[in-house]
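Each chain, letter by letter, is given below.
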Amino acid sequence: MPRRTSARLLSVLVLAAAVACGESGRGAGSAVPAPEAVGDPDERLAEEGEVPVTDEDDCGFDTELHADGAAGEPTDAPQPVSFALEFADEVNPHPLMSASVMPGETLELEPVLADPIRRFRVEADAGRLEPAGAGRWRWTAPQEPGFHCLRVIDESRDETMCLNAFVLTPWDGAETLNGYRIGSYPSKLYKGLEVYRAPRGFIEVTEENRDTWVSPHFQLKQFVCKQESGYPKYVVLRTRMLLKLERLLAEVKERGLPVDTFYVMSAYRTPFYNRAIGNDTSFSRHAFGDAADIFVDRNRNGMMDDLDGSGSVTVEDARVLVRVVDELAQEPWYRPFVGGLGLYGPAPHRGPFIHLDTRGFQARW
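Residues numbered from 1 in each chain as written. Predicted model: local features only at pLDDT ≥ 70, side-chain atom pairs only at ≥ 80, totals over all residues. Heavy atoms only, no water.

K.L.:
Describe the sheet that holds strand 19 (residues 233-235), naming the residues involved and giving the relevant values.
P.N.:
The strands making up a sheet are joined through hydrogen bonds of the backbone, oriented either antiparallel or parallel. The strand order across the open sheet built from three strands is 13-16-19, with neighbouring strands paired in antiparallel fashion. Of all the strands in the sheet, the pair left with one neighbour each is strand 13 (169-170) and strand 19. Sheet topology note: the strand 13/strand 16 (residues 201-205) ladder contains two bridges and is antiparallel. Within strand 16, the position partnered with Pro-170 by the bridge is Gly-201. (Pairing = 2+ DSSP bridges. Helix = DSSP H or I, 4+ residues; strand = E, 2+ residues; numbered from the N terminus.)

K.L.:
Summarise the sheet that holds strand 20 (residues 263-266); cite the residues concerned and give the values.
P.N.:
A sheet is described by the order of its strands in space; here five strands give the open sequence 20-21-23-22-24, paired in mixed fashion. With partners counted over all chains shown, the strands left at the sheet margins are strand 20 and strand 24 (363-364), one partner each. Most of the contacts of helix 2 (residues 239-254) go to strand 23 (residues 353-357), to which it runs at about 135 degrees, and overall it touches strand 21 (291-295) and strand 23. On the sheet, helix 4 (residues 315-328) packs against strand 22 (340-344), strand 23 and strand 24 and is oriented at approximately 165 degrees with respect to strand 22. (Contact = heavy atoms within 4.5 Å. Axes fitted to C-alpha atoms, helices over the stretch in contact; angles between N-to-C directions.)

K.L.:
Describe the pattern of salt bridges, naming the residues involved and giving the relevant values.
P.N.:
Tallying each qualifying case throughout the model produces 21 salt bridges. Residue Glu-175 is joined to Arg-181 by a salt bridge in which the shortest nitrogen-to-oxygen separation is 3.8 Å. Between Arg-359 and Asp-357 there is a salt bridge, and its shortest N-O distance comes to 2.7 Å. Both residues of the pair, Arg-359 and Asp-357, count as buried. Salt bridges sharing common partners tie together Glu-108, Glu-130, Arg-136 and Arg-138. (Salt bridge = Lys/Arg side-chain N within 4 Å of Asp/Glu carboxyl O. Buried < 20%, exposed > 50% of the residue type's maximum accessible area, 1.4 Å probe, protein only.)

K.L.:
Tell me about the packing of aromatic side chains, and name the residues and values.
P.N.:
Within this structure, the stated rule accounts for 17 aromatic pairs. Consider the rings of Phe-83 and Phe-120, whose centres lie 4.9 Å apart with planes at 75 degrees: the pair is edge-to-face. Here Phe-83 is found in the loop between strand 3 (72-74) and strand 4 (84-87), whereas its partner Phe-120 is found in strand 8 (residues 120-124), with 37 residues between them in sequence. Given a relative accessible area of 18%, Phe-120 falls into the buried group. Aromatic side chains Tyr-344 and Phe-353 sit 4.5 Å apart centroid to centroid with 5 degrees between the ring planes, which places their arrangement in the stacked category. The ring of Phe-361 has Lys-191 lying over it, and the distance from NZ or CZ to the ring centre is 5.3 Å. Between the NZ or CZ atom of Lys-233 and the centre of the ring of Tyr-231, over which it lies, the distance is 5.0 Å. (Phe/Tyr/Trp six-rings, centres within 6.5 Å; stacked < 30°, edge-to-face > 60°. Lys NZ or Arg CZ within 6 Å of the ring centre and 35° of its normal.)

Structural data, given as structure tokens:
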């Protein structure tokens, strides 16, 4: 295996192989299951009975959007693929994934987990795309912030993977960015770890792109901070968190639990907002774009479902998800996804949920 020799990357390849097998097991021509609900519990999904309208995202997939934009489901979801794509120290086996790059930054793309007789090509709607060696490409992002689609096409099997590339809006550490309140990040790294370095830029979220699918089962708007503001808003969203959520979702579904997607209660939080809600820590992973508080909500009531079949919703329903994460964490491929795992019981204003992040070392509460 030339170039991909690190134990970390090998373990991710094992993960990609496992998920790719699961995806292809759905059968040729089957679409990625559409989520029934997205968003957050503060946006009660009251759109049932409304007439949906159809829009098309920048990767060319139709998306069914309800009138209030609170929820939607893909009407032309990308088909599963039987290969994976390595880029920026990640390996993605899903037909749709997202990455963030600074203006002018490069991404190297290499299809992996595919037999050598396959023929690939890569297309980009902007930026500079050039060969980077046998079976590899280098994409240089445009200088202007925005959203672009990179298509990796397996011509031998007529399969397409779409990588949504968000060119970030640079940030110089100011308290605000184009009028949006960011706050300040700590000047020193926690324990000297690079994962605690302040972001260099942010994805700009607008009313036009907020419904963009960033992975097969999650939309951009699910990860935006809940602080009050108009548009544009700004968010940090790391690919590894999306990969972790998709892998956990696949495992939960494989175990027969009734779930279509996870409800994201809270994801990115600006340092300003994190302090405003009474969080004293300066190192919350929510502020670094790789944390999510989630639960299962198929009945769309804004609270965790009864996963254990007890007839009521308790902390034990969240514990069902914790047990799945704990079991996945024993697998060698899980090493890159090690992070925080928190269990939260119900409160007067919400139901139980779990916290996940990819900080790189284990933390439990």
